[in-house]
Amino acid sequence: MTVIETESLTKRYPRVTALDRLTVGIQPGVTGLVGANGAGKSTLIKILLGLSPATEGTAAVLGLDVATEGPRIRALVGYMPEHDCLPPDVSATEFVVHMARMAGLPATAARERTADTLRHVGLYEERYRPIGGYSTGMKQRVKLAQALVHDPKLVLLDEPTNGLDPVGRDEMLALIRRVHIDFGISVLVTSHLLGELERTSDQIVVIDGGKLLRASSTTDFTQATASLAVEVTDTDQHPDGTRAALDAFTVAGLTVHADGHLLLVDIADESTYDTVRDAVAALGLGLIRMEQRRHRIAEIFKSNQDKEGGSRDAA
Ligand SMILES: Nc1ncnc2c1ncn2[C@@H]1O[C@H](COP(=O)(O)OP(=O)(O)OP(=O)(O)O)[C@@H](O)[C@H]1O
């Protein structure tokens with residue numbers, strides 16, 4: 001089953017094409033949507049909610065067409081907007097009860113669900129105080145709670161870690177993971193930070209300039225985006241140890257290129273580490289460094305973009 005499916009989805013504003021023939025299928029689970037500022041993430045979310053019409057192409061959410069089924073989609077989907085949009089003079093409880101009532105819950109159920117949801121996101125006695133006095137982290141939790149209160153099948157979270165310090169980010173990411181694990185709700189979460197989405201998501205979708213760069217499982221993605229930086233010593237027998245190691249790695253079937261004293265080895269799978277260790281040991285070289293590094297997204301997908309004639313830079 002696919003929770004979100006788009007086909008050649010395009011959104012043109014007068015001055016900019018925010019989405020450019022985006023075709024992607026998103027499975028149940030937690031999916032990270034990553035892209036630099038202006039990549040088109042918020043635009044995609046608004047189209048998926050049926051709030052903004054596409055210029056061309058189609059999209060379906062939980063099998064419902066966004067062009068015609070907006071209200072039904074919004075009944076089944078929770079949305080956490082990016083920007084601060086909370087009323088300062090009401091409490092979290094009042095606000096989330098109101099949102100639950102708007103979603104169609106009867107008064108008693110709305111109150112009960114609100115209490116449960118606010119507890120789940122980690123707001124306790126503060127929930128009776130006006131939102132205006134909350135920290136950024138607390139406000140983000142209120143926004144998450146209102147997205148969950150009507151028990152949706154899917155939530156769309158737009159930059160939920162924005163404005164949070166590292167501890168707050170980690171807490172929010174753990175909370176997002178639990179939304180899926182505890183309740184079985186699928187999550188589409190956006191960020192311009194790939195690293196944090198990798199830790200949280202089952203799948204990663206990368207967009208840039210409104211175009212799809214890559215969609216894959218996080219495991220595949222990490223393998224494709226990681227390389228092993230290896231630095232070795234020279235010895236009397238191998239005065240140019242780097243050269244000797246490069247040749248040995250190549251003979252062992254690894255894809256490798258030299259960057260000064262560093263050898264950057266593509267990580268094909270777990271066995272790459274052993275192959276590197278064994279080749280270095282067989283040459284009698286010392287291993288100064290062996291560490292996982294990440295290519296920049298722009299580098300990884302450069303070959304794809306070159307084929308398409310594009311040259312944009314990603315996060
Ligand atoms: N209502 C609008 N009218 C005109 N241009 C728009 C509008 N909304 C978005 N854009 C433009 O579309 C492009 C994509 O914007 P979008 O907000 O979807 O990006 P984003 O990936 O969510 O980035 P950010 O995190 O900075 O919001 C940007 O160039 C933006 O300026």
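Remember, predicted model here, so these are calculated numbers, not experimental data.

## Things to note about the overall build of the protein
For step 1, the next point in the chain: If you tally the helices and strands in the protein, you get twelve helices and 14 strands.
For step 2, the next point in the chain: Taking all 315 residues of the protein together, 40% fall into the buried category.
For step 3, the next point in the chain: Excluding contacts between residues fewer than 6 apart, the proportion of contacts in the protein whose partners are at least 24 apart in sequence is 67%.

## Observations regarding the UniProt feature "domain: ABC transporter" (unreviewed entry) in the protein
For step 1, the next point in the chain: Feature annotation in UniProt assigns "domain: ABC transporter" (unreviewed entry) to the following positions: residues 4–234.
For step 2, the next point in the chain: Secondary structure across residues 4–234 divides into 37% helix and 29% strand, with the first and last C-alpha atoms of the span separated by 54 Å.

## What about the sheet that holds strand E8 (residues 186–191)?
For step 1, the next point in the chain: The strand order E6-E7-E8-E3-E9-E10 describes an open sheet built from six strands, whose pairing is mixed. In this open sheet, the two edge strands, each paired with only one partner strand, are strand E6 (77–80) and strand E10 (211–217). Looking at each pair of strands side by side, their axes are set apart by 15 degrees on average, direction ignored.
For step 2, the next point in the chain: In this structure, strand E7 (residues 154–157) lies alongside E8, joined through four bridges in parallel fashion.

## Thoughts on the site of the ligand
For step 1, the next point in the chain: The environment of the ligand is formed by Tyr13, Val16, Ala18, Gly35, Asn37, Gly38, Ala39, Gly40, Lys41, Ser42, Thr43 and Glu159.
For step 2, the next point in the chain: A total of three residues in the shell around the ligand trace back to one element, the largest contributor, which is helix H1 (residues 41–48).
For step 3, the next point in the chain: Within the shell around the ligand, the residues separate by chemical class into four nonpolar, six polar and two charged.

## Structural notes on the domain arrangement of the protein
For step 1, the next point in the chain: Entries for the protein in the domain assignment read domain 1 (4–201) and domain 2 (226–299).
For step 2, the next point in the chain: Taken over C-alpha atoms, the centre of domain 1 sits 43 Å from the centre of domain 2.

## A few points about the nonpolar core
For step 1, the next point in the chain: Counting 64 residues, the largest nonpolar core has Leu48, Val96, Val155 and Val187 as the members making the most contacts within it.
For step 2, the next point in the chain: With near-sequence residues (within four places) excluded, Leu48 lies in contact with Ile4, Ala59, Val61, Val66 and Leu156.
For step 3, the next point in the chain: Core analysis: the next-biggest nonpolar cluster, separate from the first, contains 16 residues, Leu228, Val230, Leu246 and Ala248 among them.

## Describing the sheet that holds strand E1 (residues 4–12)
For step 1, the next point in the chain: Spatial ordering of the open sheet is given by E2-E1-E4-E5, a layout of four strands whose pairing is antiparallel. Either end of the sheet is taken by a strand with one partner, and the two such strands are strand E2 (17–26) and strand E5 (64–65).
For step 2, the next point in the chain: In terms of strand pairing, strand E4 (residues 56–61) meets E5 through two bridges, oriented antiparallel. Each bridged residue has a counterpart across the sheet, and for Val61 the counterpart in E5 is Leu64.
For step 3, the next point in the chain: Sheet contacts for H1: E1, E2 and E4; angle to E1, the most-contacted strand, approximately 115 degrees.

## Considerations on the packing of helix H9 (residues 241–251) against helix H10 (residues 271–283)
Between two packed helices, what matters for the description is the angle formed by their axes and the separation of those axes.
For step 1, the next point in the chain: Running from amino to carboxyl end, H9 crosses H10 at an angle of 130 degrees, the nearest separation of the two axes being 10 Å. Viewed along their axes, H9 and H10 adopt a mutual orientation that is oblique. Here the hand of the crossing between H9 and H10 comes out right-handed. Facing H9, whose interface residues are Ala244, Ala245, Ala248 and Phe249, H10 presents Val276, Ala279, Val280 and Leu283.

## Observations regarding the pairing of E1
For step 1, the next point in the chain: Bridging between E1 and E4 involves five bridges; their strand directions are antiparallel. Looking at E4, one finds that Ile4 is bridged to Val61.
For step 2, the next point in the chain: In terms of strand pairing, E1 meets E2 through six bridges, oriented antiparallel. Along E2, the bridge assignment pairs Lys11 with Leu19.

Reading the values: rules and limits
- Residues numbered from 1 in each chain as written.
- Predicted model: local features only at pLDDT ≥ 70, side-chain atom pairs only at ≥ 80, totals over all residues.
- Helix = DSSP H or I, 4+ residues; strand = E, 2+ residues; numbered from the N terminus.
- Buried ≥ 20, exposed ≤ 12 C-beta atoms within 10 Å, placed from the backbone.
- Contact = placed C-beta atoms within 7 Å.
- UniProt positions renumbered as here; feature names shortened; annotations may be inferred.
- Pairing = 2+ DSSP bridges.
- Axes fitted to C-alpha atoms, helices over the stretch in contact; angles between N-to-C directions.
- Near = placed C-beta within 6 Å.
- Nonpolar A, V, L, I, M, F, W, Y, C, P; charged D, E, K, R; others polar.
- Domains from an automatic or database assignment.
- Core = buried A, V, L, I, M, F, W, Y, C linked by C-beta atoms within 7 Å.
- Parallel < 35°, antiparallel > 145°, perpendicular 65-115°, else oblique.
- Left-handed = near helix turned anticlockwise from the far one by under 90°.

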